[in-house]
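A structural walkthrough
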Amino acid sequence: MADDLHELLRSLRVWDPEVTELPPLDPDTAPGEPLPLFTRWLAEVAAAGQREPHTPTLATADAAGLPDARVVMLHGADAGGWCFATHAHSRKGAQLAARPHAALVFHWPVLGRQVRVRGPVAAAPAEEARADLRVRSTGALAAALTGRQSEVLGSVDELARASEAAWERAAREPDAPVPSWTLYRLRPDEVEFFQGDARRRHVRLRYRRVTEDAGDTGTAGAGERAAERWTRELLWP
């Protein structure tokens, strides 16, 4: 069995030129902040045929520091951070309550790209979570109403009954409240853009958020808040 697995792994290719294009990334022309480049890359990989480009892997750690990861859906990104949602009592919700830091990884093989986002996570105000859920599909609301995410399930029949009831309520009450539904915002300290290269000269462009004392600029008044800016650097592949 192990030999079969190894043989299968050796037969697989990364960045098959028949289905993958590797466009160049010129760090000198990259924007001063990561969000515009992320937005452009997301649009480009979607246009190139990447399936579900808005579904990154979310990595968290529990109270003991043990890592965990799963695929989630990106609900938005702006100056406040990258957003995703889940129940506060879910496994990832509990982990974020214990250790409010996380990382997102977007993998876009159609163009040989990855984006890594890492930083502290905070829950958005409840009204933002409600507004986020209101614009989702009936199925998304039904799934949220089912509500026992990460709990032990007794049987598939139990899930079917709960899901059917949730679908009926979602169709009847499109604004049905789900108090545990939480919108989380990851405010990145680092965002890395990885562009693959056929000769393995991969470009890794990392943005880091730098905080400066307002007084360092020589223009701030007493008590003024610290200023933030992004710095860029290249990493060895």
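Structure report, in brief. (Residues numbered from 1 in each chain as written. Predicted model: local features only at pLDDT ≥ 70, side-chain atom pairs only at ≥ 80, totals over all residues. Heavy atoms only, no water.)

A short note on the nonpolar core
Worth spelling out the cut-off: Working definition of a nonpolar core: buried Ala, Val, Leu, Ile, Met, Phe, Trp, Tyr and Cys residues. They are joined through side-chain atoms within 4.5 Å. Classification of residues uses two cut-offs on accessible area relative to the type maximum, computed with a 1.4 Å probe and protein chains only: under 20% is buried, over 50% is exposed, and between them is partly exposed. Helix numbers and strand numbers start at the N terminus; a helix is a DSSP run of H or I with at least 4 residues, a strand a run of E with at least 2. Whether two residues are in contact is decided by their heavy atoms: any pair within 4.5 Å suffices.
Ranked by internal contacts, the top residues of the largest apolar core, which has 28 residues, are Phe106 and Val115. Among the elements of the structure, helix H2 (34-47), strand E4 (81-87), strand E5 (101-108), strand E6 (113-123), strand E7 (181-186), strand E8 (190-195) and strand E9 (203-212) are those that each provide at least two residues to this core. Not counting chain neighbours up to four residues away, the residues in contact with Val115 comprise Phe38, Trp41, Leu104, Val105, Phe106, Trp108, Val191, Glu192 and Phe193.

Quick look at a nonpolar patch on the surface
Definition in use: The patches described consist of residues with a relative accessible area above 30% and no salt bridge, like charges being joined within 9 Å and nonpolar side chains (Val, Leu, Ile, Met, Phe, Trp, Tyr) within 5 Å. Areas reported as accessible are Shrake-Rupley estimates using a 1.4 Å probe. Residue values count occlusion only from the protein chains shown. Note on definitions: salt bridges are taken to be side-chain nitrogens of Lys or Arg within 4 Å of carboxyl oxygens of Asp or Glu.
Side chains of Leu5, Leu8, Leu9 and Leu12 sit close together on the surface and give an oily, nonpolar patch of about 390 Å² of accessible area. The residue Leu9 is located in helix H1 (residues 2-11) in this model.

Examining the pairing of E5
Basically, it comes down to this: One requirement defines pairing of two strands: DSSP has to find at least two bridges between them.
Sheet analysis places strand E1 (residues 57-61) next to E5, joined by three bridges and oriented antiparallel. The residue bridging Thr57 from the neighbouring strand is Val105, located in E5. Between E5 and E6, which pair antiparallel in sequence order, lie four residues; one of them, Gly112, sits at a positive phi of approximately 65 degrees.

Details of unusual backbone geometry
Even without being a glycine, Glu52 presents a positive backbone phi close to 45 degrees. The topology assignment puts Glu52 in the loop between H2 and E1. Residues other than glycine seldom take positive phi values, yet Ser150 does so here, at roughly 80 degrees. Assignment of secondary structure puts Ser150 in the loop between helix H5 (138-146) and helix H6 (156-172).

Structural notes on the pattern of salt bridges
One pass over the full model with this rule turns up 22 salt bridges. Residue Glu192 pairs with Arg116 through a salt bridge whose shortest N-O separation is 3.0 Å. Taken as a pair, Glu192 in strand E8 and Arg116 in strand E6 lie far apart in primary sequence, 76 residues in all. Note that Arg130 and Glu127 form a salt bridge whose closest N and O atoms lie 2.9 Å from each other.

Here's the deal with the environment of Val152
Counting through the fold element by element, Val152 comes out in the loop between H5 and H6. The exposure class of Val152 is exposed, given its relative accessible area of 78%. Along the chain, Val152 and Leu96 lie 56 residues apart, while their C-alpha atoms are 20 Å from each other.

Quick word on the pairing of E7
Summarising burial for E7: five of the six residues are buried, a large majority. For E4 and E7, the ladder comprises six bridges, and the chain directions are antiparallel. Note on E7: the bridge partner recorded for Phe84 is Tyr184. In this structure, E6 lies alongside E7, joined through three bridges in antiparallel fashion. If you follow Ala123 over to E7, its bridge partner there is Tyr184.

Some words on the packing of aromatic side chains
Convention followed: Centres within 6.5 Å make a pair out of two Phe, Tyr or Trp rings, where for Trp the six-membered ring is used; the pair is then stacked when the planes are under 30 degrees apart, edge-to-face when over 60, and tilted otherwise.
Taken as a whole and assessed by the stated rule, the structure comprises nine aromatic pairs. Between Trp41 and Phe193, the ring centres sit 5.3 Å apart and the planes meet at 90 degrees, which makes this aromatic pair edge-to-face. A residue pair is termed long-range when its members are at least 10 positions apart, and Trp41 in helix H2 and Phe193 in strand E8 qualify at 152 residues. Both residues of the pair, Trp41 and Phe193, belong to the buried class. By the ring-pair criterion, three or more aromatic residues cluster together here, those being Phe38, Trp82, Phe106 and Trp108.

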